[in-house]
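The lines below spell out each chain.
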Amino acid sequence: MAYKDLREFIARLEEEDEVLHITEEVLPEPDVGAMARATCDLEGPALICERIRGYQIPLAICLHGSYRRVALSLELPKQTQLKQIFEEFCRRWDRYPVDPVTVNNAPCKQVKLLGRDADLTRLPIVRWNMVDGGPFIDKSAAISRDPDTGILNFGEYRMQLKGPRTLNITTTAVHDIGVHFHKARRMGKPLEVAVAIGLDPAVMLASVCPLPPNWDEFKFAGALRGEPLEIVQAETVDLPVPANAEIVIEGEILPDVVSNEGPFGEYTGYYSMLMANAEIHVKAITHRFNPIMEGLYIGVPMTESDWISHIPNSASVYKEVKPLVPEIEAFNLASTWCQVGVASMRKLFGGQERKLMNAVWATPLGCNTKVLMVVDTDIDPFNMDKVLWAMSTRFQPDTDIVLIGNTMGQRLDPSSLVKGLGAKVGLDLTWPMAPSPVPEAIGVVKPRPETEEWRQRILRMWERG
Amino acid sequence: MRPCPRCDQQGIEVIGKSPVEECWELYLCHTCGYVWRSSETEELLSGTVKLGPGGVQSILDSHRFVMKRLEPQQ
């Protein structure tokens, strides 16, 4: 049965000995970032900072900070193997769409702060890593609506605190919210947004999962949960928000206001660049009584960012590729290595593995996969020991490598000399196999002897009209 | 008030004070956008990458370039 909210998930983590309550007073900086780094290194428990100096609201971190807790977030036993989590995620993907239900009595509206009463500096927003340009919100569902189609989207985007009612947000057009923003901007209109924080853990998995174009994350969240997501209308913007969120920030991104944002320690383990980015101007904050803020530590892998995104990213590429290459069996977009993927396939003929590589590289997310390995279906692509065994015994470097230069690449890849461009390598680790057999030639298909006579007759008839 | 730890410019705004009184203030630099807290010591801030006025301008120029590319084609 799905978790109703973040609090039910925390209760489950307590039962499973997967959460530690830090009751001593800690500093926003450096303590929160340092303890988050430490528990990621340990693959240790989630942490709830009950008393952060200067704040009244507690901060929960690393709730998805291990594969154990990713499994628990889908109500699976915490020792579930990665491939089984992947398969369960894909089964739930197939339930799409599960429509949300609107409720009247929403916990996220227990306290309403409008206008100047809405003050972001009351929320425990911290600087996670030393060179970050400021404190960041980095675990949320930012909700927006496509100005053309009306289709809703929510996703996880970093947001830098810039004032009591101001946040920076990245609006690159590769993200749905960026597409929405640029459409609204061309219309000369602000884009309304709502940022929901402290969600049921399956909704957070939906928030980080890249979905096919025009899929609605609210309906996908229902599919992942196995139950409709409860929503309520926001106070000051025309958007629905998860009714059981701990905190909701409402506002709008103005079309032509930018300011400097970043750097930010990113999932690659390196800092993003300092950029001019758009601003959210906040109109309201609503929250539950005694709300719990949530944050995510990100940096050199492994961090919560890797654990929470690994299965959603892998499933997203797999589901895009499957209709094109039905032989694909599983896909591991191993975010630990950022741009490395492993696909397993039921190969029937030689050459199919290269078709699979091209299909992966053609997907919106797989186009960032710099190193792509293909293995047979007897190899678990999530088990790197087995993948290396396949590399040792089924792979010849002179014949089984595909190399493509100057392709679209991940802008955050610090090794690319031209940002946004990079090379791809495909490693065929499958058992060598003959191509699809061609029937033995039995000669050229020659015209019948009567064809010439018919040609002349047709020409005569055609000329007579 | 001290200048910005990142770009050494003046023009700093207090954007917030701790909800529990007098623990810290939050500052915003209007030149480069850096945000820091008064409880962050000089040692904590010493790792900040320095940014001169030329660096700030190059960011804004880069943004204008991207926005122009995103304008609808005539």
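Because the structure is predicted, anything quoted here is derived from the model rather than measured. (Residues numbered from 1 in each chain as written. Chains lettered and ligands numbered in written order. Predicted model: local features only at pLDDT ≥ 70, side-chain atom pairs only at ≥ 80, totals over all residues. Heavy atoms only, no water.)

### Here we look at the overall build of chain A
Across its full length, chain A carries 11 helices and 21 strands. Relative to its 465 residues, chain A shows a buried fraction of 58%. A separation of at least 24 residues holds for 71% of the contacts in chain A among residues at least 6 apart in sequence. Here chain A has roughly 19600 Å² of accessible surface; of this, 55% comes from carbon and sulfur atoms. The distance from the centre of the 49 positive side-chain charges to the centre of the 62 negative ones in chain A is 5 Å. (Helix = DSSP H or I, 4+ residues; strand = E, 2+ residues; numbered from the N terminus. Buried < 20%, exposed > 50% of the residue type's maximum accessible area, 1.4 Å probe, protein only. Contact = heavy atoms within 4.5 Å. Areas by Shrake-Rupley, 256 points an atom, 1.4 Å probe, with all protein chains shown as cover. Lys, Arg positive; Asp, Glu negative; His and termini not counted. Charge placed at Lys NZ, Arg CZ, Asp CG, Glu CD.)

### Considering the packing of aromatic side chains
Residue and element names in this part refer to chain A. The full count for this structure, using the stated rule, is 14 aromatic pairs over all chains. For the pair tryptophan 93 and tryptophan 215, a centre-to-centre distance of 5.2 Å together with 45° between the ring planes defines the contact as tilted. Note that tryptophan 93 is positioned in helix 4 (residues 82–93) and tryptophan 215 in the loop between helix 6 (201–208) and helix 7 (217–225), a separation of 122 residues in sequence. Take tryptophan 215: its relative accessible area is 22%, and that puts it in the partly exposed class. Judged by centre distance (3.8 Å) and plane angle (5°), the rings of tyrosine 96 and tryptophan 215 are stacked. Taken together, the residues span a long stretch of sequence, with tyrosine 96 in the loop between helix 4 and strand 4 (101–102) and tryptophan 215 in the loop between helix 6 and helix 7 at a distance of 119 residues. When its relative accessible area of 19% is taken as the criterion, tyrosine 96 is described as buried. (Phe/Tyr/Trp six-rings, centres within 6.5 Å; stacked < 30°, edge-to-face > 60°.)

### Details of the confidence of the model for chain B
Residue and element names in this part refer to chain B. Confidence in the prediction for chain B averages 83 pLDDT; 86% of positions are at 70 or higher. Looking over chain B, one finds the lowest element-wise mean pLDDT in helix 2 (residues 53–69), namely 72, and the highest in strand 3 (residues 35–37), namely 97. Across the whole predicted complex the pTM is 0.92, and at the interface the ipTM reaches 0.90. (pLDDT = per-residue confidence, 0-100.)

### Quick notes on the pairing of strand 2 (residues 46–49) of chain A
All names here are of chain A. Burial of the side chains of strand 2 extends over both faces: Ala46 and Ile48 are buried on one face and Leu47 and Cys49 on the other. Direction of pairing for strand 1 (residues 19–22) relative to strand 2: parallel, over a ladder of four bridges. When the sheet's bridge partners are listed, histidine 21 is paired in strand 2 with isoleucine 48. With helix 2 (residues 28–42) bridging strand 1 and its parallel neighbour strand 2, the resulting β-α-β unit is right-handed. Bridge analysis of strand 2 against strand 3 (residues 59–61) gives three bridges, and the strand direction is antiparallel. Its bridge partner lying in strand 3, cysteine 49 is registered against leucine 59. (Pairing = 2+ DSSP bridges. Right-handed = clockwise from strand over helix to strand, strands pointing away.)

### Some points on the layout of surface pockets
Residues and elements named next belong to chain A. Computed from the structure, the second largest pocket encloses a volume of approximately 220 Å³. Forming the boundary of the second largest pocket are 19 residues, of which Tyr3, Lys4, Arg225, Glu230 and Asn244 lie nearest the centre. By residue class, the composition of the lining of the second largest pocket is 11 nonpolar, one polar and seven charged. (1 Å grid on protein atoms, 1.4 Å probe; cavity = no way out; pocket = protein on both sides within 12 Å on 5 of 7 lines; lining within 4 Å. Points joined across faces, edges and corners; volume = space filled by probe spheres on them. Nonpolar A, V, L, I, M, F, W, Y, C, P; charged D, E, K, R; others polar.)

### Examining helix 9 (residues 352–362) of chain A
Those residues of helix 9 of chain A that fall on the buried side of the exposure criterion are A:Gln352, A:Glu353, A:Leu356, A:Met357, A:Ala359, A:Val360 and A:Trp361. Buried residues in helix 9 of chain A make contact with helix 8 (304–321), strand 17 (328–334), strand 18 (340–345), strand 19 (371–376), strand 20 (401–408) and strand 21 (421–428) of chain A.

### What about the environment of A:His180?
All names here are of chain A. Of note, histidine 180 is situated in helix 5 (residues 176–186). Residues histidine 180 and histidine 287, 107 residues apart in the sequence, show an inter-C-alpha distance of 26 Å. Filtering out sequence-adjacent residues up to four positions away, histidine 180 remains in contact with Ser144, Arg145, Asp146, Pro147, Ile151, Asn153 and Leu191.

### Some words on the sheet that holds strand 4 of chain A
Residue and element names in this part refer to chain A. With mixed pairing, three strands are arranged side by side in an open sheet as 4-12-13. The open sheet terminates on both sides in strands that have one partner only, identified here as strand 4 and strand 13 (240–242). Alignment of strand 4 against strand 12 (residues 230–233), held across two bridges, turns out to be parallel. When the bridges of strand 12 are listed, threonine 102 appears paired with isoleucine 231.

### A word on the packing of helix 4 of chain A against helix 8 of chain A
Residues and elements named next belong to chain A. Running from N to C, helix 4 and helix 8 cross one another at 60°; their axes reach a closest spacing of 10 Å. Here helix 8 runs oblique to helix 4, going by the angle between their axes. Here helix 4 and helix 8 pass one another in a crossing that is right-handed. Of the residues in helix 8, those in contact with Leu82, Ile85, Phe86, Phe89, Cys90 and Trp93 of helix 4 are His310, Ile311, Pro312, Ser314, Ala315, Ser316, Tyr318 and Lys319. Residue composition of the contact of helix 4 with helix 8, grouped by class: 10 nonpolar, three polar and one charged. (Axes fitted to C-alpha atoms, helices over the stretch in contact; angles between N-to-C directions. Parallel < 35°, antiparallel > 145°, perpendicular 65-115°, else oblique. Left-handed = near helix turned anticlockwise from the far one by under 90°.)

### What about the side chain of A:Glu294?
All names here are of chain A. As for its position among the elements, glutamate 294 is in strand 16 (residues 293–295). In this structure the side chain of glutamate 294 is engaged in a polar contact, spanning 2.5 Å, whose partner is the side chain of lysine 139. When sequence neighbours within four positions are dropped, the list of residues in contact with glutamate 294 reads Leu6, Leu59, Ala60, Leu63, Lys139, Ile197, Gly198 and Leu199. (Polar contact = N/O pair within 3.5 Å; in protein donor to acceptor, adjacent residues only side chain to side chain.)

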